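Geometric and topological summary
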Amino acid sequence: MPAEFSGAIYRLGHGMVRDKDSHNRISTAGAEGGVAELKQFFQFTGLHDGIVDDFPNPPHGLHVPTLPGKWIIDWRRYHKVLLTNPAGVPLNPSRKIDPFVLPAASVARRVSLPFRNLKRGARFGLRSGQDVTREMKIQDALTLQEITKGADGAAANKHHRHTNTPLSDYLLKEAEQRGNGGKLGPVGGTLLAEVFLGLVHGEQRSCLWQRGKNWKPILPSKAPDSFTMADLLRPVGDISPIDGVSLV
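Below or above, wherever it landed, is the structure these notes cover. These numbers come from a predicted model, not from an experiment.

Conventions used here
Residues numbered from 1 in each chain as written. Predicted model: local features only at pLDDT ≥ 70, side-chain atom pairs only at ≥ 80, totals over all residues. Heavy atoms only, no water. Axes fitted to C-alpha atoms, helices over the stretch in contact; angles between N-to-C directions. Helix = DSSP H or I, 4+ residues; strand = E, 2+ residues; numbered from the N terminus. Contact = heavy atoms within 4.5 Å. Nonpolar A, V, L, I, M, F, W, Y, C, P; charged D, E, K, R; others polar. Buried < 20%, exposed > 50% of the residue type's maximum accessible area, 1.4 Å probe, protein only. Polar contact = N/O pair within 3.5 Å; in protein donor to acceptor, adjacent residues only side chain to side chain. Expected span 1.5 Å × (residues − 1). Salt bridge = Lys/Arg side-chain N within 4 Å of Asp/Glu carboxyl O.

Interhelical geometry of helix H9 (residues 167-179) versus helix H10 (residues 186-202) gives an angle of 115° and a closest axis separation of 7 Å. On H10, the residues touching Tyr170, Leu171, Glu174 and Arg178 of H9 are Pro186, Val187, Gly188 and Leu191. Its residues assigned to classes, the contact of H9 with H10 comprises five nonpolar, one polar and two charged.

The subject of this paragraph is the environment of arginine 25. Examined against the element boundaries, arginine 25 turns out to sit in the loop between strand E1 (20-21) and strand E2 (36-37). Arginine 25 gets classed as partly exposed once you look at its relative accessible area, which sits at 45%. In sequence terms arginine 25 and proline 90 are 65 residues apart; their C-alpha atoms lie 10.0 Å from each other. Dropping the residues within four chain positions of it, arginine 25 is found in contact with Ala31, Arg77, Ile242 and Asp243. A distance of 3.1 Å separates a polar atom in the side chain of arginine 25 from the backbone oxygen of isoleucine 242. Within the structure, the side chain of arginine 25 is placed 2.6 Å from the side chain of aspartate 243, a separation counted as a polar contact.

A word on H9. Between its first and last C-alpha atoms H9 spans 17 Å; for 13 residues at 1.5 Å apiece the expected length is 18 Å, and the two agree. When you tally the buried positions in H9, you get 10 out of 13 residues, the bulk of the element. All buried positions along H9 are accounted for by Leu167, Ser168, Asp169, Tyr170, Leu171, Leu172, Lys173, Glu174, Ala175 and Gly179. The inward-facing, buried residues of H9 contact helix H1 (3-6), helix H5 (113-124), helix H6 (129-135), helix H7 (144-147), helix H8 (150-158) and H10. Count one or two residues on from H9 and you reach asparagine 180, which has phi positive near 55°.

Quick look at the pattern of salt bridges now. Applying the stated criterion across every chain yields a total of 14 salt bridges. Among the ionic pairs, lysine 173 bridges to aspartate 152, the shortest N-O distance being 3.0 Å. Placement of lysine 173 in helix H9 and of aspartate 152 in helix H8 is noted, with a sequence separation of 21 residues between them. Between glutamate 176 and lysine 173 there is a salt bridge, with the nearest N and O atoms lying 2.9 Å from each other. Taken together, the residues glutamate 176 and lysine 173, both in helix H9 and three residues apart, mark about one turn of the helix. In this structure lysine 173 comes out as buried when scored by relative accessible area, which is 4%. Here the salt bridges share partners, and the residues they tie into one network are Arg25, Asp74, Arg76, Arg77 and Asp243.

Next comes the structure, spelled out in structure tokens:
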């Protein structure tokens, strides 16, 4: 697996996750559990890589083998599995794919995912976004004006990263400038798609080899020639276990 994938583009989801979400009828605003916080996931699961210990005054005794039952996901709140959600069941949209502004405080930096991503990229020896763009022969490279837009761009300019941008930052900025935060740009999209296609092609037991190049998925989808996460969830049968809502 290319380091550019594991150390940069496949980490794009970090910025799309909200700090707080309405997971179900218990973990929501005004309810018994209150809105669920992302840091609670870290605390419940113990995480990995020692990040729990990075929190100032980390809570004790919260490492449990499974999430609490009241945190079971109501999938109606994350994907459009129904035509419309009933009243009181909001849809939680993800954040846009866009760059981070690193916190200034040293303690905050230690628990900052963007900062950890930059450290990981440096450890991997990843080349800059500009270098990777040239190597891939992508014509629509970001301009200096685009890279230096916004607060993150000002920080990049201040620290002389606007001409030699860390790959993870470049790909996020590219998604913001080329995809309006809703999709990846040409470099990020190509990196992501080619790795997945390469994995399928390289696995002799994959559908590509077992069923042939003309194979088509048989599961039903809402829209022709499209298969979304909502399409995958519909036949599962547990859309909201906490409410007993199922679809088949």
